[in-house]
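Chain by chain, the residues:
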Amino acid sequence: MSTYIFDPLTGEPTLLATARSKRPDQTSAVSTIAPTPTDKPKEKVDFFAKGNEHMTPPTLYVDQDDWNVRVFENKFPLMPNHEIIVSTPYLDKDIDDMPAEQTVKVIRAWLNRVQHYNDQDMEVFIFNNRGGKAGASLDHPHSQLVAAKAFPGYMETEKEAGLRYFNEHDESYWVVEIRQEQEYQKRIIHESSHFLLYVPYACRWSYEMRLIPKAHRPNIGGMDEAEIQDFARMLKGALNCYNALFDRPDRNFWIHTARHEPFHWHLGFLPHIKVFGALEMGAGIWVSDKATSEDAAAQLKEHFVYET
């Protein structure tokens, strides 16, 4: 099983998970062993396909008997509570390719698993990697969820900063950010009844996007039906912006959610249109060198489509 190791000077966390090296690699991006000239290409097996349920751990959640979305434990976990959420039965259909109603089913699976772990006093982090550059090892569309009592690193830093801001200003930082973006307008990609999609002012990576609910709530749970439907369409629209602008790039998105105030849950998106350099890796300084936040938002906005 994996374990956290911490830099003795800075406290920066690293998750040591050597067992992950044994997981199948269909994207040819995570393997550390180069093939020899005599190696034959391995036939790809769709482990997550309907009918191959016996190739994965037992089902933890399924939307219906003839499933559209299925959840099970990760066979090569990063930590004790690590789950796979299969987005669709189809290998060639991702969230951005399917009708919004399929995305609704994925969201309901997320909500079910978040509630499951919140009831055990655990925090949850949900993430989605597509493509080898984004860290995916398997081709079948899926999200992942890890749960723990707390997460060191960026999540803890964000929560602590949010609490300091609230103590100083008596208002959630993210509520203020939403109001400022609505006033400024130039970084907004799309605003719906319940959500705001925009490029952050301090964009860490060119064309990074943030999707945030306008109603203040620390946790992704508690959305009503109108919010769930809206969320599905905003998520699909955001992902398709990248597809249209960058010809379906490898990309990540993640959900920051917490159990307690004054946190405000939100999603982050990042397209892999460049690679990390030494400044990012060695100094921890992000480099956004493709477009300003305003220019990126204007370009992404041209490609946003809200499914009706």
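The structure this text deals with has already been given above.
The structure displayed is predicted, hence computed values, not measured ones.

### Focus on the overall build of the protein chain
Then, in step 1: In terms of regular secondary structure, the protein chain is built from six helices and twelve strands.
Then, in step 2: Whereas a compact globule of 308 residues would reach a radius of gyration of roughly 19 Å, the protein chain reaches 19 Å, a difference of no more than 12%.
Then, in step 3: Here the C-alpha coordinates of the protein chain stretch approximately 60 × 50 × 40 Å along the principal axes.
Then, in step 4: Relative to its full complement of 308 residues, the protein chain shows a buried share of 48%.
Then, in step 5: Partitioning the contacts of the protein chain with sequence separation of at least 6, the portion at a separation of at least 24 is 64%.
Then, in step 6: Carbon and sulfur atoms provide 53% of the accessible area of the protein chain, an area that totals close to 15500 Å².

### Things to note about the nonpolar core
Then, in step 1: Trp110, Phe231 and Phe269 are the most contacted members of the largest nonpolar core, which totals 47 residues.
Then, in step 2: The residues touching tryptophan 110, leaving out its near neighbours within four places in the chain, are Ile85, Ile126, Ser143, Phe231, Leu235, Phe253 and Ile255.
Then, in step 3: Core analysis: the second largest hydrophobic core is formed by 18 residues, Ile178, Leu196, Trp254 and Leu270 among them.

### Describing the packing of helix α1 (residues 100–118) against helix α4 (residues 225–246)
Then, in step 1: One can describe the packing of α1 onto α4 by two numbers: an axis separation of 9 Å at closest approach and a directional angle of 115°. The interaxial crossing formed by α1 with α4 has right-handed handedness. Note on element contacts: α4 touches α1 through Glu225, Ile228, Gln229, Phe231, Ala232, Arg233, Leu235 and Lys236, opposite Ala100, Glu101, Thr103, Val104, Ile107, Arg108, Trp110 and Leu111.
Then, in step 2: Per-class residue counts for the contact of α1 with α4 are nine nonpolar, two polar and five charged.

Calculation rules
- Residues numbered from 1 in each chain as written.
- Predicted model: local features only at pLDDT ≥ 70, side-chain atom pairs only at ≥ 80, totals over all residues.
- Heavy atoms only, no water.
- Helix = DSSP H or I, 4+ residues; strand = E, 2+ residues; numbered from the N terminus.
- Rg over C-alpha atoms; globule rule 2.2 N^0.38 Å.
- Buried < 20%, exposed > 50% of the residue type's maximum accessible area, 1.4 Å probe, protein only.
- Contact = heavy atoms within 4.5 Å.
- Areas by Shrake-Rupley, 256 points an atom, 1.4 Å probe, with all protein chains shown as cover.
- Core = buried A, V, L, I, M, F, W, Y, C linked by side-chain atoms within 4.5 Å.
- Axes fitted to C-alpha atoms, helices over the stretch in contact; angles between N-to-C directions.
- Left-handed = near helix turned anticlockwise from the far one by under 90°.
- Nonpolar A, V, L, I, M, F, W, Y, C, P; charged D, E, K, R; others polar.

These figures come from the coordinates and say nothing about function on their own.
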